[in-house]
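Survey of secondary and tertiary structure
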Amino acid sequence: MNKLEQLIAQLDLVNQLLCTRVSLENNAHCMHFFIQLKAVSQKVSLAEKNWQVKNACSPISSEK
């Protein structure tokens with residue numbers, strides 16, 4: 001029975017390790033997604049600022 005208990009304990013540890021690894025990989029994927037989302041947001045914000053500056057200097061906007 002002692003050997004069976006040891007095997008069960010080892011299986012529990014392996015299960016915990018696998019769950020932890022899956023959780024860590026999931027977190028890494030989420031972090032990667034949000035980093036990409038932030039980069040895209042910054043690029044869009046910069047593009048909007050550049051468009052506003054360009055638009056403010058255009059002759060059409062000065063006529064209004």
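Our structure's up above, just so we're on the same page.
Summary of the structure given here. A quick note: this is a predicted structure, and the numbers were derived from the prediction, not measured. For every chain, the first residue of the written sequence is number 1, and numbering continues from 1 along that sequence. Predicted model: local features are reported for residues with pLDDT of at least 70 only, side-chain atom pairs are reported and counted for 80 or more only, and whole-chain, interface and lining totals are derived from all residues. Think of the side-chain values as coming from all heavy atoms in the structure, minus any hydrogens and water.

Helical segments are the DSSP runs of H or I of at least four residues, strand segments are the runs of E of at least two, and each set is numbered from the N terminus. Looking only at helices and strands, the protein chain features two helices and zero strands. Here's how the labels work: a residue is buried when its accessible area is under 20% of the maximum for its type, exposed when over 50%, partly exposed in between, all with a 1.4 Å probe on protein chains only. Classification of the 64 residues of the protein chain by burial places 2% in the buried group. Accessible area of the protein chain: about 6,400 Å², with a carbon and sulfur share of 65%. Surface exposure here means Shrake-Rupley accessible area, sampled with a 1.4 Å probe, where a residue is shielded only by the protein chains that are shown.

This next bit is on a nonpolar patch on the surface. Two joining distances apply to patches: 9 Å for like charges and 5 Å for nonpolar side chains (Val, Leu, Ile, Met, Phe, Trp, Tyr), and every residue must have over 30% relative accessible area and no salt bridge. We define a salt bridge as a side-chain nitrogen of Lys or Arg found within 4 Å of a carboxyl oxygen belonging to Asp or Glu. Side chains of Met 1, Leu 4, Leu 7 and Ile 8 sit close together on the surface and give an oily, nonpolar patch of about 440 Å² of accessible area. The residue Ile 8 is located in helix α1 (residues 2-57) in this model. A residue is classified by how much of its surface remains accessible, and Ile 8, at 45% relative accessible area, is partly exposed.

A separate point is the pattern of salt bridges. Summed over the entire model, instances satisfying the criterion amount to one salt bridge. Linking Glu 25 and Arg 21 is a salt bridge whose minimum nitrogen-to-oxygen distance equals 3.0 Å. Placement of the pair is Glu 25 and Arg 21 together in helix α1, with a separation of four residues, close to one helical turn.

As a further point, take the packing of aromatic side chains. Classification of ring pairs uses Phe, Tyr and Trp, with its six-membered ring standing for Trp, and accepts pairs whose centres are within 6.5 Å; under 30 degrees between planes counts as stacked, over 60 as edge-to-face, and the remaining range as tilted. Here the structure, examined in full by the defined rule, presents one aromatic pair. Measuring from ring centre to ring centre gives 5.3 Å for Phe 33 and Phe 34, while their planes differ by 70°; the resulting arrangement is edge-to-face. Since its relative accessible area comes to 45%, Phe 33 is described here as partly exposed.

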